[in-house]
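# A look at the structure
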Amino acid sequence: MRGSVARGLLGLGLLLGAATWAQPSPAPPAAAQPPSLERLERECTGGELKACTFLGMLHGRGDGVAKDLPRAVALFQKACDGGLGTGCYNLGVSHAEGLGVAVDPKQAQALFQKACEGGHAGGCDRAGQGLHAGRDVPRDDKRAAALFQKACDAGHAAGCGHLGEGYKSGQGVPRDDKRAAALLQKACDGDVPVACFHLGGLYAAGRGVPRDDTRAARLFERACQRDDAPACFRFGVSYAEGRGVERDLGHAAVLYQKACTGGEPNGCYNLAVLYGRGQGVSRDDTRAAALAEQACTGGVAVGCLALGDLYRHGRGVAVDAQRASALYEKACAGGVKQGCQAAGRR
């Protein structure tokens, strides 16, 4: 029932890099009366770049003023041109997400780099993500790692998480599981759910830290509570196998469903297995077939094998030998030996 979850640095980045603009530092105290629009306009016109950035965020979000993304972009541009790293960062987010301007990854990368040079740790992290991904710039994991280090040193938890994943996988830096664990712990403590997920994987495997299934399960739970789908899948496996928690297939099914709904196809496959066997849930071949289809479509080759078997035997779907054969071929192409055998290959 175990599936694998492949997630590299981008897995972390996709959750962390998307999109919110950043407030210039220091932000007003939570209890303080927010500055009026008139005051922000006056200060921005007078060259106070932080005021321009705050004003841009208000226009971008429609907070107390009509939403006006082009106006927000213009204000971020003014702040960036004046050398404020936060302005460059927010302008980079706008170009990366197509907020008030056309999506332009290359321009976004340049702006994140400029933000980093202007002292914005989030800019260093986003610039590192761009270099790791090779989006419109040559991929350079070594430079990306240096940027993640800079972000982490400045207290940016996501940067620590990216750097930790680099040490875990040996991308841009020598592989060092102990160093990876320390960095991922720092990121997890900084409320980065996916870092908790990766750290849980290290504890489950005993890499860089003593193996501790209970600690791993708690870390998977923490990330799952923040809707990290792969973490929900791994937490489900913990319950299915009784690793770090008492074995409970019913609870495993609930977690696999959450993982599947969240876009983790391994969760769909493992839940299909439970429905097909009637373990932890009432047996339901139709439901099993639908879940196996989701898993197969999501790239889980063993899901294609399972769905092929269901079509072959007419369980939950009408018998369809041709469809079964095609699914076996797909499973075989995905590296599943049983798929090759079922397709008549040896």
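One can find the structure itself at the top, above this paragraph.
Residues numbered from 1 in each chain as written. Predicted model: local features only at pLDDT ≥ 70, side-chain atom pairs only at ≥ 80, totals over all residues. Heavy atoms only, no water.

### A word on the state of the cysteines
Within this structure, the stated rule accounts for nine disulfides. The residue that forms a disulfide with C152 is C160, at a sulfur-sulfur distance of 2.1 Å. Residues C152 and C160 share a disulfide whose torsion about the S-S bond is about 95°; that sign makes it right-handed. Between C224 and C232 runs a disulfide, and the two sulfur atoms are separated by 2.1 Å. Negative torsions about the S-S bond denote left-handed disulfides, and the value of about 100° found for C224 with C232 makes this one right-handed. C224 sits in the buried class, given a relative accessible area of 4%. (Disulfide = S-S within 2.5 Å. Buried < 20%, exposed > 50% of the residue type's maximum accessible area, 1.4 Å probe, protein only.)

### Quick look at the nonpolar core
The biggest cluster of nonpolar side chains holds 94 residues, and the ones touching the most others in it are L199, L202, F235, Y256, L291 and L307. The leading source of residues in this core is helix α11 (residues 193-205), at eight residues. In this structure, C44, L55, L58 and L75 belong to the second largest nonpolar core, which totals 11 residues. (Core = buried A, V, L, I, M, F, W, Y, C linked by side-chain atoms within 4.5 Å. Helix = DSSP H or I, 4+ residues; strand = E, 2+ residues; numbered from the N terminus.)

### Considerations on the pattern of salt bridges
By the definition in use, this model includes 15 salt bridges. Residue E221 is joined to R218 by a salt bridge in which the shortest nitrogen-to-oxygen separation is 2.9 Å. Separated by three residues within a single helix, E221 and R218 lie in helix α12 (residues 213-225), roughly one turn from each other. Take E221: its relative accessible area is 24%, and that puts it in the partly exposed class. Linking D285 and R283 is a salt bridge whose minimum nitrogen-to-oxygen distance equals 3.3 Å. Judged by its relative accessible area of 19%, D285 is buried. Taking relative accessible area as the criterion, R283 reaches 52% and is therefore assigned exposed. Through salt bridges with shared partners, a single ionic network connects R211, D213, E241 and R243. (Salt bridge = Lys/Arg side-chain N within 4 Å of Asp/Glu carboxyl O.)

### So, α12
End to end, α12 covers 18 Å across 13 residues, agreeing with the expected 18 Å (1.5 Å per residue, within 8%). Among the residues of α12, those classed as buried are A216, A217, L219, F220, A223 and C224. In an axial view of α12, the angular spread of the buried residues amounts to 165°, which keeps them on one side of the axis. The secondary structure elements touched by the buried residues of α12 are α10 (177-189), α11, α13 (229-241) and α14 (249-261). Capping the start of α12, D212 holds a side-chain oxygen 3.2 Å from the backbone nitrogen of T214, two or three residues further along. Of the residues one or two after α12, D227 is the one with positive phi, at around 65°. (Expected span 1.5 Å × (residues − 1). Arc of directions from axis to C-beta. Contact = heavy atoms within 4.5 Å. Polar contact = N/O pair within 3.5 Å; in protein donor to acceptor, adjacent residues only side chain to side chain.)

### Here we look at the side chain of K168
Within the secondary structure, K168 sits in helix α9 (residues 157-169). K168 gets classed as buried once you look at its relative accessible area, which sits at 18%. The contacts of K168, once residues within four sequence positions are left out, are R175, D177, A180, L184, H198, L202 and R207.

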